[in-house]
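Per-entry structural report
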Amino acid sequence: FSSGPGIQGKVISRDIDIPALPNQSYLAGLQLVTFPYRLDNTAPTVAFGLNQSAFDLLQWDPVLAEYTAATAIIPGQGYWLNTHAAPGTKTAINLVGSHPVTVSATPFEIKLKKGWQQIGSPYLTAVNWQDVQVVYTVGTDPLGLTHLSIDQAAAAGFINPVLFRYDPTTQGYAWDQDLSTSLVPFRGFWVQALTDNVSILIPQPSGRGVVNKVSKYAANVKGDSWKVKVSANINGSADVYNFFGMS
């Protein structure tokens, strides 16, 4: 390893998309989550490998206007997860029999009913909310079956353009004033459909979305020697002193 860039040094930054893994750790308490994997057995206790007494998993039913216990884990669906661990401790969940959702040119469709719904990205890398499209599935409507941007769908009265996420630290909701929200793997969101017969179409990740923040590296070059520093940041925890190279 070289000790520094030297006179001839250069600093190069790149964004690296790191797919989310099926093993996640959750602090005790309430969190709004999603699970971007298809499962061999969708029953929560089987998929989590945990006893039912270790957690609660609820989802909002917009038709009944009440919470119900989740009986299946489905990609694109959001849930309230409440782990029963001691305060300040984490519960590890390693999804059993998990398989990534196939990424293709065909967007992933989430059908909405009128009202608020919990959703999440079905993919292992982030998708920008502004890249999502909306379809009103009533073909007789002038805009029926037309792929609309979030802005266009909001102007047509089909959807509220703002996504809400839950911050377990402040125990309150957070949102962005524009469409810059990233649909991050394993993070759930609230979205409001203003009418029935609305679907949102989540495109395949562009390769530039944020996954558990962004990992960046800087390369220091001096003659034939070089050094790369890798910094990783995930959910507020950072590991910034990692190097590889040649001297």
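In the block above lies the structure referred to throughout.
Description of the structure in this document. (Residues numbered from 1 in each chain as written. Predicted model: local features only at pLDDT ≥ 70, side-chain atom pairs only at ≥ 80, totals over all residues. Heavy atoms only, no water.)

Taking strand neighbours across the sheet as the criterion, the four strands line up as β10-β19-β13-β14 in an open arrangement whose pairing is antiparallel. If you trace the sheet from one side to the other, it starts and ends with β10 (108–112) and β14 (148–149), each paired once. The pairing of strand β13 (residues 133–136) with β14 spans two bridges and is classified as antiparallel. Each bridged residue has a counterpart across the sheet, and for V134 the counterpart in β14 is L148. (Pairing = 2+ DSSP bridges. Helix = DSSP H or I, 4+ residues; strand = E, 2+ residues; numbered from the N terminus.)

Turning our eyes to something else, we now look at the packing of aromatic side chains. By convention here, two paired aromatic rings are described through the distance between centres and the angle between planes. Enumeration over the complete set of coordinates arrives at 11 aromatic pairs. Between F35 and Y79, the aromatic rings sit 6.1 Å apart at their centres with planes inclined by 40 degrees, giving tilted as the arrangement. Remark: Y79 occurs in strand β7 (residues 78–83) and F35 occurs in the loop between β3 (29–34) and β4 (37–39); sequence separation between them is 44 residues. Grouping residues by exposure puts F35 and Y79 together as buried. With 6.4 Å between their ring centres and 45 degrees between their planes, Y37 and F186 make a pair best called tilted. Placement of the pair is Y37 in strand β4 and F186 in the loop between β17 (182–183) and β18 (188–193), with a sequence separation of 149 residues. For Y37, a relative accessible area of 4% translates into the label buried. When its relative accessible area of 7% is taken as the criterion, F186 is described as buried. Taken together, the ring pairs in this structure connect F35, Y37, F48, F55, Y79 and F186 into an aromatic cluster. (Phe/Tyr/Trp six-rings, centres within 6.5 Å; stacked < 30°, edge-to-face > 60°. Buried < 20%, exposed > 50% of the residue type's maximum accessible area, 1.4 Å probe, protein only.)

A few words now on the nonpolar core. When a protein is soluble and globular, its nonpolar side chains tend to lie buried together. Judged by nonpolar contacts, the single largest core of 25 residues is most densely connected at L112, W129 and I200. In terms of nonpolar packing, the next biggest core, distinct from the first, is built from 18 residues, F48, Y79, L95 and L124 among them. (Core = buried A, V, L, I, M, F, W, Y, C linked by side-chain atoms within 4.5 Å.)

Quick look at the environment of L30 now. In this structure, L30 sits in strand β3. Here the alpha-carbon distance between L30 and Y166, two residues 136 residues apart in the chain, equals 9.0 Å. L30 has contacts with W80, L81, N82, Y166 and P168, leaving out every residue within four places of it along the chain. (Contact = heavy atoms within 4.5 Å.)

Let us now look at the sheet that holds β7. Strand order across the open sheet formed by four strands is β3-β7-β5-β6, with antiparallel pairing between neighbours. Each end of this open sheet is capped by a strand with a single partner; those strands are β3 and β6 (66–69). Sheet twist, expressed as the average angle between the axes of neighbouring strands with direction ignored, equals 35 degrees. (Axes fitted to C-alpha atoms, helices over the stretch in contact; angles between N-to-C directions.)

Among the five residues in strand β19 (residues 198–202), five count as buried, and that is most of the element. Where β10 and β19 come together, five bridges link them in antiparallel fashion. Paired with I110 across the strands is I200, a residue of β19. Bridging between β13 and β19 involves four bridges; their strand directions are antiparallel. Within the sheet, the bridge partner assigned to V135 lies in β19 and is S199.

This brings us to the pattern of salt bridges. All chains considered together, the criterion is met by one salt bridge. In this structure, D176 and R165 form a salt bridge, with 3.3 Å as the shortest nitrogen-oxygen distance. In this pair, D176 is assigned in the loop between β16 (172–175) and β17 and R165 in strand β15 (residues 164–167), connecting sequence segments 11 residues apart. (Salt bridge = Lys/Arg side-chain N within 4 Å of Asp/Glu carboxyl O.)

This part takes up unusual backbone geometry. Phi at Q171 takes a positive value of approximately 55 degrees, unusual for a residue other than glycine. One can find Q171 in the loop between β15 and β16. One non-glycine residue with positive phi stands out, namely N197, at about 65 degrees. Here N197 lies in the loop between β18 and β19.

With that settled, consider the environment of D176. When the C-alpha positions of D176 and L163 are compared, they lie 7.5 Å apart, and in sequence the two are 13 residues distant. Once residues lying within four places of it in the same chain are set aside, the contact partners of D176 are V162, L163, R165 and T181. In terms of polar contacts, D176 uses its side chain to reach the side chain of R165, at 3.3 Å. (Polar contact = N/O pair within 3.5 Å; in protein donor to acceptor, adjacent residues only side chain to side chain.)

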